[in-house]
Amino acid sequence: MKKSDKMTDVMIIKAFSEVGRNNYEVAIIPLWGDWLKKTLETTDLLEILNVTSYSGYIARKEHGISFLLCRTAKVPFYEQWLGEKEIAFLDARAEEIEQLCRHFDCIKSDALIVHPDGMANYEAFEDVKFRTADFDLKLIQEILTSKN
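What counts and how
- Residues numbered from 1 in each chain as written.
- Predicted model: local features only at pLDDT ≥ 70, side-chain atom pairs only at ≥ 80, totals over all residues.
- Heavy atoms only, no water.
- Phe/Tyr/Trp six-rings, centres within 6.5 Å; stacked < 30°, edge-to-face > 60°.
- Helix = DSSP H or I, 4+ residues; strand = E, 2+ residues; numbered from the N terminus.
- Buried < 20%, exposed > 50% of the residue type's maximum accessible area, 1.4 Å probe, protein only.
- Salt bridge = Lys/Arg side-chain N within 4 Å of Asp/Glu carboxyl O.

A.B. asks: Honestly, the packing of aromatic side chains in this entry has me stumped. Any pointers?
C.D. replies: In this description, an aromatic ring pair is defined by two values, namely the gap between the centres and the angle between the planes. Evaluation of the coordinates by the stated rule reveals five aromatic pairs. Note on Y78 and F104: the rings are 5.3 Å apart at their centroids and 70° apart in plane angle, and the pair reads as edge-to-face. Highlighted residues: Y78 in the loop between strand 5 (66–69) and helix 2 (79–82) and F104 in the loop between helix 3 (94–103) and strand 7 (105–108), separated in sequence by 26 residues. Here Y78 and F104 have matching classes, each one buried. Measuring from ring centre to ring centre gives 5.9 Å for Y122 and F135, while their planes differ by 15°; the resulting arrangement is stacked. Of this pair, Y122 sits in strand 9 (residues 119–126) while F135 sits in strand 11 (residues 135–136), placing them 13 residues apart in sequence. Given a relative accessible area of 1%, Y122 falls into the buried group. What makes F135 buried here is its relative accessible area of 1%. Through pairs of rings, three or more aromatic residues link up here, namely F77, Y78, W81 and F104.

Dropping the structure here:
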């Protein structure tokens, strides 16, 4: 597993709790499988229904996203991939992602919030609410669609 300079099938994105980013929270988003199909269904539905909610639309939860929390004082190795950026792409296999999720405390995402402007974020709730940084869902969908 390593950082990629290009868009790959695995995205790592900074996440925050209500009190900040104390435990190096991140979300691991595998863009393989039916992730693209499910997100396209969600955004297509929003367009059909002409939803213009300022706070966004809460989509179904089975997108396979995991939030990782580091409960030690040491800075986890994945922080080097992000640096000052909020999003990075990784060259990683499914087994490596599973191993990463087993190594750190892992929380499954509760919701994908899609905003009318094409931006989105994931949320999870366990004792406190966690939220990823916003990312351009429409752009990622376009790139993945053109690759297929």
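Picking up where we left off.
A.B. asks: Honestly, the pattern of salt bridges in this entry has me stumped. Any pointers?
C.D. replies: Pairing between side chains of opposite charge can happen when their charged atoms approach one another. Counting across every chain of the model gives eight salt bridges. Here E79 and R21 are joined by a salt bridge, their closest N and O atoms 2.4 Å apart. Taken together, the residues span a long stretch of sequence, with E79 in helix 2 and R21 in the loop between strand 2 (10–17) and strand 3 (26–30) at a distance of 58 residues. Assessed through its relative accessible area of 12%, E79 is described here as buried. The shortest N-O distance in the salt bridge between K38 and D34 comes to 3.6 Å.

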